[in-house]
Amino acid sequence: MASSDVARPLQSCRSLPLAGHVGFDSLPDQLVNKSIHQGFCFNILCIGETGIGKSTLMDSLFNTNFDDCMSTHFQPNVRLKAETYELQESNVRLKLTVVNTVGFGDQINKDDSYQPIVDYIDAQFEAYLQEELKIKRALYNYHDTRIHVCLYFISPTGHSLKTLDLLTMKILDSKVNIIPIIAKADTVSKSELQRFKSKIMSELVSNGVQIYQFPTDDETVAKVNATMNGYLPFAVVGSVEEIKIGNKTVKARQYPWGIVQVENEHHCDFVKLREMLICTNMEDLREQTHMSHYELYRRCKLEQMGFRDTGPENKPVRMPDSKKTSRRESLQETYEAKRHEFLGELQQKEEEMRQMFVQRVKEKEALLKEAERELQVKFEHLKRLHQEERIRVEEKRKLLEDEIMAFNKRKAASDILQGRPLPATPTVGLKKDKDRKNSGFM
């Protein structure tokens, strides 16, 4: 079959009636059974200041205790801590990963507080992309660590969003599904809370921040999702303490002025958040992560690597035909081109390093020669001083010998005048003294 026949679009299909039962109506059941056997994974990123209630809300959402240790406000920088848990409800297994931002917003300089979060999200995308690009892939049992939803915890100030909040959400909105929530909503009144919600949404819209909107294309959940979109951001209260009210025990927070029930919709939006996040839209969050955010990262990454879908003539790129050569660039050709480009850059860097090494050696040799020349000059100077000192010593020695001979003559003359016999002149001893002195100077 020619390649042009393959590229031809399919004609419209005809609908045919069945004369009896075939059995492919069990495909949904097969898919459900396979998914249950394989299990599911869901990854949540919690962004918020230390002590705002991230861990408590996670415990309340999944009705368990994750045993997350407390963090201090004295972290030198922001770091991300990921913990993975195995949960099971009925016969459905869920591998849940909770990623907490430790030290977020605690530093005096908050300019780069969002950068570790961006790097972590991109690292998970990159790991999945590398697994996809392998020749022998194992995506079936691959532990997907891509972030499916970001719960952004907003401090209940009642005024407006902080600059750090706006900047972080603006940078992350193209990488992850953001659901903003107002933490510790029981610290503000209902009227203040409504004004705060309106203020937050208006600031997000005016700054172009795209938060996750619950989908309305599915008729079964379109109505409830459209209604819940109007409650964003959710105002939540978390607690793991159980208080008995009447004949039932509920999770609540007890104050001197009353009790705030976590699962009471008149007190906070916790139930709405749990319904939207877990019960209704968990699969859509997973799908949006893969189809939208990951695809955007994958496309940008492959374009940076030189891959493209269209050739120089703006026509689709396909693998060259086996019977005839094709001028259109294939995946293998792109790989080879990038490989040659990388090898060329590597050789260029090696040549630059070699030239730099040779230059450093020449500079070192010049320094050593200069040091050797200085040492030679110093040696010649010391040698000259030594010669001059030796000449001076020799002159003093001769002068001393002349004085000794003159003294001996005067002494002999004095002895003659006094009538004493002349002592024998120690010529041999004097000669030996002279030879000893000469050898000492030498």
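Above this note sits the structure.
Computed from a predicted structure; not experimentally measured.

Visitor: Break down the side chain of Gln 124 for me, with residues and values.
Guide: Take Gln 124: it is sitting in helix H4 (residues 115–133). A relative accessible area of 11% places Gln 124 in the buried class. In terms of polar contacts, Gln 124 uses its side chain to reach the side chain of Thr 145, at 2.7 Å. Beyond its immediate stretch of four places on either side in the chain, Gln 124 contacts Thr 145 and Arg 146.

Visitor: Describe the sheet that holds strand E8 (residues 248–255), with residues and values.
Guide: Ordered by their spatial adjacency, three strands build an open sheet running E7-E8-E9, and the pairing between neighbours is antiparallel. Each edge of the open sheet carries a strand with a single partner, namely strand E7 (242–245) and strand E9 (258–261). With direction set aside, neighbouring strand axes in the sheet form an average angle of 65°. Where E7 lies against E8, four bridges are found, and the strand directions are antiparallel. Bridge pairing links Glu 242 to Lys 251 in E8.

Visitor: Account for the sheet that holds strand E1 (residues 40–47), with residues named and values stated.
Guide: A sheet is described by the order of its strands in space; here six strands give the open sequence E2-E3-E1-E4-E5-E6, paired in mixed fashion. Lying at the two open borders of the sheet, with one neighbouring strand each, are strand E2 (79–89) and strand E6 (234–235). Strand direction decides the pairing type here: E2 and strand E3 (residues 92–102), joined by 11 bridges, are antiparallel. Note that in E3 the partner of Leu 87 across the bridge is Leu 94. Across the sheet, H4 is in contact with E1, E2 and E3; its angle to E2 comes to roughly 50°.

Visitor: Lay out unusual backbone geometry in plain terms, naming residues and giving numbers.
Guide: For the bond running from Leu 232 to Pro 233, omega is -10°, close enough to zero to count as cis. Looking at the element boundaries, Pro 233 is found in the loop between helix H7 (222–229) and E6. The phi angle at Ser 90 is positive, at roughly 60°, despite the residue not being glycine. Relative to the elements of secondary structure, Ser 90 occurs in the loop between E2 and E3. Relative accessible area serves as the criterion here: at 68%, Ser 90 is assigned to the exposed category. Look at Lys 184: it is not a glycine, yet its phi comes out positive at around 50°.

Thresholds applied
- Residues numbered from 1 in each chain as written.
- Predicted model: local features only at pLDDT ≥ 70, side-chain atom pairs only at ≥ 80, totals over all residues.
- Heavy atoms only, no water.
- Helix = DSSP H or I, 4+ residues; strand = E, 2+ residues; numbered from the N terminus.
- Buried < 20%, exposed > 50% of the residue type's maximum accessible area, 1.4 Å probe, protein only.
- Polar contact = N/O pair within 3.5 Å; in protein donor to acceptor, adjacent residues only side chain to side chain.
- Contact = heavy atoms within 4.5 Å.
- Pairing = 2+ DSSP bridges.
- Axes fitted to C-alpha atoms, helices over the stretch in contact; angles between N-to-C directions.

That is the geometry; function is a separate question.
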